[in-house]
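Survey of secondary and tertiary structure
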Amino acid sequence: MGTSVAQWLDERTGAGTVWQALFKRKIPRGVNFLYTFGAATMFIFMLQAVTGIILAMYYSATPETAYDSIMFFTTQVGYGSIVRGLHHWGASSMVVLVALHALVVFALGAYKYPRELTWVVGILLLGIVVGFSFTGYLLPWDEKAYWATTVGTNMAGTVPFAGNFLLLVLRGGSELGAVSLTRFYAYHTVLLPSLALMLIVVHLYLVVKHGVSVPPWLWERKPKLEAKRVEA
Amino acid sequence: MKQNTSGQGVTRRHFLGYVTAALGAFVATVVAVPVVGAFVSPALKKKGSGQWISLGAIDKFTRKEPKMVGITVVKQDGWVEARQPRVVWVVAEDNNKFRVYNAQCTHLGCVADWDPQDRTWKSPCHGGVFAFEDGRVLAGPPPRGLDSLEYKIEGGELVVNYQDFRLGIEEKTAL
Ligand code: HEM
Ligand code: FES
């Protein structure tokens, strides 16, 4: 029965082709552990999305209630401290993983022709991951969050010419307050996730289109080993 | 890698596929338990208990007509301490006895009103009617009579143990 359902869907959607392209594609010989950081980053992204949805159900983005709502979540809601913990540690590990991913791509020269756009989209994704960290850090609205974000946004304020404009737009006012908090919450839960999702789709499309790069230690044998898409 | 074409046994490719799927299912479960747990957590909360609230001096209540008293209950509403308005009906009886009812109609929660002509309580919403003598249902969709509340007399004041109950069901169960 399972196959007939799969067949029914495949005939109407072509989902099987997508599945083949993503999970049954040919990988060059010699690919190793170093090539797993992109997928690891992807996993953490999904983890952040799922735990973030639950956090959003209990979070109240006002200076009066933000901290209390998070304390309520971690002390009064079943599994609350675990879900928050997953999101907290997931955030740090995502920055580490995305950095490792970029370093590996750089070290192995995987950004070279024809994968330059994969790299550029990756750089944008790196910026978004850092943006997630920066905007999420403010949300608990405790002393550390408040002053770290004061300092962080002040950095933007020192940019020549546009500094003050940037500072005011980032904060939504001259000081960090109620307007900044709702703004950061929107950056963190609406703006950045939608951008990230779109760019990840493009990124993965390009990865599948070009196939995974051949590791440098096999470059002499490249003609024989260049990944081709063959039926699995 | 040699492909197994004999149709017997499991190829390395299939074996690794199963292992990957099993590991994936394991990780998904580990994530799903706390996530689903936190999502449904409100449904697993312990039932609320009542809170004692004074309705004022006992001598303002009469035997003939029920008296409506508006109260304010202080509820922990998530991370906010919320003050919520509630209404009770009080009827005095002999020997410093009283009957105190939660005014919410047991059908879906409209506040039942006193009709002095009929001498019944009537729900303004779907035709629920409750008897003066004991709050039982006389007509309409309510599944049980008005919910009576515990009370005590303290320093000449009537103090009620106010509580909300589940609505729309036959049993009187604390919310
Ligand atoms: C949200 C962040 C990101 C996600 C989810 C992501 C995901 C992935 C995945 C799943 C792959 C294929 C497997 C692999 O080679 O590791 C990949 C490949 C690639 N990524 Fe990323 N990535 C992200 C950020 C970046 C960054 C920051 C860069 C570099 C600036 C980058 C550049 C590349 C390149 C050039 C490839 C092709 C590598 C090859 O063919 O060997 N990505 N990415
Ligand atoms: S709420 Fe009273 S009859 Fe429906």
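What comes next is a walk through the structure.

Observations regarding the overall build of chain B
Helix and strand counts for chain B come out as one helix and ten strands. Counting helices and strands in the order they occur from the N terminus, chain B gives α-β-β-β-β-β-β-β-β-β-β. Expected size for 175 residues packed as a compact globule is a radius of gyration near 16 Å; at 28 Å, chain B overshoots this value by more than 25%. The proportion of buried residues among the 175 residues of chain B is 35%. Residue pairs at least 24 apart in sequence account for 48% of intrachain contacts in chain B once pairs closer than 6 positions are excluded.

As for the overall build of chain A
Scanning chain A from terminus to terminus reveals ten helices and zero strands. Helices (α) and strands (β) of chain A occur, in sequence order from the N terminus, as α-α-α-α-α-α-α-α-α-α. For chain A, the C-alpha atoms occupy an extent of roughly 60 × 55 × 30 Å along the three principal directions. Per-residue burial over chain A gives 35% buried out of 232 residues. Considering only contacts within chain A whose residues lie at least 6 apart along the sequence, 70% involve residues at least 24 apart. Just so you have it, chain A exposes about 13,900 Å², and 71% of that area is on carbon and sulfur atoms. For chain A, the separation between the mean place of its 17 positive charges and that of its 11 negative charges on side chains is 14 Å.

Focus on the packing of aromatic side chains
Residues and elements named next belong to chain B. Under the defined criterion, the tally for this structure stands at 19 aromatic pairs over all chains. With centroids separated by 5.3 Å and ring planes inclined at 65 degrees, the aromatic side chains of W114 and W121 adopt a geometry described as edge-to-face. The class of W121 is buried, set by a relative accessible area of 0%. Both rings, one in W121 and one in F132, keep their centres 6.2 Å apart while their planes meet at 40 degrees; by these two values the pair is tilted. Pair noted here: W121 is in strand β6 (residues 120-122) and F132 is in the loop between β7 (129-131) and β8 (137-139), with a separation of eleven residues, a long-range link. Per residue, the accessibility class of W121 equals that of F132, and both read buried. We note K152 situated over the ring of W52; from NZ or CZ to the ring centre the distance is 4.2 Å. In this structure, K172 packs its charged tip against the face of F165, placed 5.0 Å from the ring centre.

Considerations on the interface of chain B and chain A
Of the residues lining the interface, 14 residues belong to chain B; the matching set on chain A comes to 21 residues. With both chains or domains summed, chain B and chain A bury close to 1,400 Å², and 76% of this area falls on carbon and sulfur atoms. Viewed at the interface, chain A and chain B are joined by zero salt bridges. By residue class, the composition of the side of chain B that touches chain A is nine nonpolar, three polar and two charged.

Structural notes on the coordination of the iron atom of ligand 1
Residues and elements named next belong to chain A. For the iron atom of ligand 1, every protein donor is listed as H101 (NE2) and H203 (NE2), and the spread of their distances is 2.0 to 2.1 Å. Around the iron atom of ligand 1 sit six donor atoms, and with donor-metal-donor angles ranging over 84 to 179 degrees the site reads as octahedral. Within this pair, whereas H101 is found in helix α5 (residues 80-107), its partner H203 is found in helix α9 (residues 178-210), the two being separated by 102 residues in sequence. Residue classification places H203 among the buried residues on the basis of a relative accessible area of 14%.

Quick word on the side chain of A:T135
All names here are of chain A. Structurally, T135 is set in helix α6 (residues 116-138). Reaching out from T135, the side chain makes a polar contact with the backbone oxygen of F132 at a distance of 3.3 Å. Not counting residues up to four positions away in its chain, the partners in contact with T135 are F184, Y187, H188 and L192.

A few points about the packing of helix α3 (residues 37-58) of chain A against helix α1 (residues 12-40) of chain B
Running from N to C, α3(A) and α1(B) point in directions that differ by 10 degrees, and their axes come no closer than 10 Å. Compared by their axis directions, α3(A) and α1(B) come out roughly parallel. Residues A:F43, A:L47, A:V50, A:T51, A:I54, A:M57 and A:Y58 of α3(A) touch α1(B), and the partners they reach there are B:V27, B:V31, B:V35, B:A38 and B:F39. For the contact of α3(A) with α1(B), the residue count by class is eleven nonpolar, one polar and no charged.

What counts and how
Residues numbered from 1 in each chain as written. Chains lettered and ligands numbered in written order. Predicted model: local features only at pLDDT ≥ 70, side-chain atom pairs only at ≥ 80, totals over all residues. Heavy atoms only, no water. Helix = DSSP H or I, 4+ residues; strand = E, 2+ residues; numbered from the N terminus. Rg over C-alpha atoms; globule rule 2.2 N^0.38 Å. Buried < 20%, exposed > 50% of the residue type's maximum accessible area, 1.4 Å probe, protein only. Contact = heavy atoms within 4.5 Å. Areas by Shrake-Rupley, 256 points an atom, 1.4 Å probe, with all protein chains shown as cover. Lys, Arg positive; Asp, Glu negative; His and termini not counted. Charge placed at Lys NZ, Arg CZ, Asp CG, Glu CD. Phe/Tyr/Trp six-rings, centres within 6.5 Å; stacked < 30°, edge-to-face > 60°. Lys NZ or Arg CZ within 6 Å of the ring centre and 35° of its normal. Buried area = accessible area lost by both parts, 1.4 Å probe. Salt bridge = Lys/Arg side-chain N within 4 Å of Asp/Glu carboxyl O. Nonpolar A, V, L, I, M, F, W, Y, C, P; charged D, E, K, R; others polar. Donors = N, O, S within 2.8 Å, 3.2 Å for Na, K, Ca; no water. Tetrahedral: all angles 85-135°; square planar, octahedral: opposite > 155°, others 65-115°. Polar contact = N/O pair within 3.5 Å; in protein donor to acceptor, adjacent residues only side chain to side chain. Axes fitted to C-alpha atoms, helices over the stretch in contact; angles between N-to-C directions. Parallel < 35°, antiparallel > 145°, perpendicular 65-115°, else oblique.

Any functional reading would require information beyond the geometric quantities listed.
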